[in-house]
Amino acid sequence: MNHIPYKIGINANCFVREEDQTYTTYGQTQIPSAHELEKYETSFFITSDASGNTSPYLRTLPHDIDILRNADLGTNEVNNKDVMRQTQKFISVFQRILLNNHNIVNSFSYLSPLNFKWLEDDSVLIEWIFKDFRIGFSIEPVEQDSSWYLVSNQNLEEVSKSGLLDMEDLEPLLVNLLDFASSNS
Amino acid sequence: MTYPDEFLKGVPNDDKLDSDNIPTSDLFYFKESDNAPKRPDSKLEGSISWRDDLGADEILFNLKKDGTIQFQAGIAILCRRELDKVIQRPHVNDKLSYERDQKPENKYHGNLLLKSGTEKRIMKRIAATIATLCFKTFIKNPYI
């Protein structure tokens, strides 16, 4: 069968306009192999429109693993531009991690989407909520103030961890958190 | 002062809930209010209701602000014993406490209190801890 299992643009830095219907769609059960992922990652690369604006672009991960389907990149006229930029970066890195670690992602018994919420203090709260634990990221107008946390209830030994969010080195943290989530979801 | 096993948090809209009706952490954020007078101890208040009986639910469901029902989504029911455990966590320590604070319109009213000067990052983690440990269930507002 000769089909492309994704809309094009599954690279970490790749966003595709939702309203654009020109791309091949994918079926929910068509999880790609690692080889396929690699091929598409290196083949397609869309980062922004001609103006450099990425805000109208949306994620295009397969629905099964698209925990970023509710991502809200903010609005230029309303939200803090630095926070918007950091949020886009966060989503981009998270996408790459989801694609590179689909073995972890596929082991989830339940995969809820991340909640994105722009708050009055100009920060964005990104939360991944499960029955017994939650993982949160707070992206702040002052980048050095951005932070993350993982808290769980007594069913998971009341874990409580947090730290500052290093936007230049997100990957190890996100992989660890993804691993924790898949092991305990 | 005695407290019941459960307390309530009004949920103004669905934006404060995830897809499984679990509260998002910002429901429990503490922030300075422009019009509220500062407390003598400078602590920040987060309104709750003590569930002494089911009348507490009815009052919250019907509470109005500017003529409209304030908690359109409903109420979150939370566990006080878990709150006591949150207070004892090392990162929370002496920063979090609670009180009764009866109001003319709500005799069950109380506050979660956050020590002034608490770092925003810590405040957000405390809010997440409350949301994760204390939350028991959500009841949709039957009058909407």
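Refer to the structure presented above.
Definitions and cut-offs
- Residues numbered from 1 in each chain as written.
- Chains lettered and ligands numbered in written order.
- Predicted model: local features only at pLDDT ≥ 70, side-chain atom pairs only at ≥ 80, totals over all residues.
- Helix = DSSP H or I, 4+ residues; strand = E, 2+ residues; numbered from the N terminus.
- Buried ≥ 20, exposed ≤ 12 C-beta atoms within 10 Å, placed from the backbone.
- Contact = placed C-beta atoms within 7 Å.
- Nonpolar A, V, L, I, M, F, W, Y, C, P; charged D, E, K, R; others polar.
- Axes fitted to C-alpha atoms, helices over the stretch in contact; angles between N-to-C directions.
- Left-handed = near helix turned anticlockwise from the far one by under 90°.

Asks: Explain the overall build of chain A to me, please; I cannot follow it from the model alone.
Replies: Along its length, chain A carries 4 helices and 7 strands. Going from N to C terminus, chain A has its helices and strands arranged as β-α-β-α-α-β-β-β-β-β-α. Of all 185 residues assigned to chain A, the portion counted as buried reaches 35%. Counting contacts in chain A only where the partners sit at least 6 residues apart, residues at least 24 apart contribute 58% of the total.

Asks: What is the right way to read the environment of R80 of chain B from this model?
Replies: Residues and elements named next belong to chain B. Within the fold, R80 resides in helix α2 (residues 80–88). For the pair formed by R80 and T68, sequence separation is 12 residues and the distance between their alpha carbons is 29 Å. When residues no more than four places from it in sequence are discounted, the contact partners of R80 are Y3, P4, D5, E6 and F7.

Asks: Mind showing me how you'd approach the interface of chain B and chain A here?
Replies: One frequent convention defines the size of an interface as the accessible area lost when the parts assemble. Taken together, the contact between chain B and chain A spans 16 residues of the former and 19 residues of the latter. Its residues assigned to classes, the side of chain B that touches chain A shows 4 nonpolar, 6 polar and 6 charged.

Asks: Honestly, the packing of α2 of chain B against helix α3 (residues 120–134) of chain B in this entry has me stumped. Any pointers?
Replies: Packed helix pairs are characterised by how far apart their axes lie and by the angle those axes make with each other. Residue and element names in this part refer to chain B. Closest axis-to-axis distance for the α2/α3 pair is 9 Å, and the angle between their directions is 145 degrees. Considering only the axes of α2 and α3, their crossing is right-handed. Contacts between α2 and α3 involve E82, L83, K85 and V86 on the former and, on the latter, T129, I130, L133 and C134.

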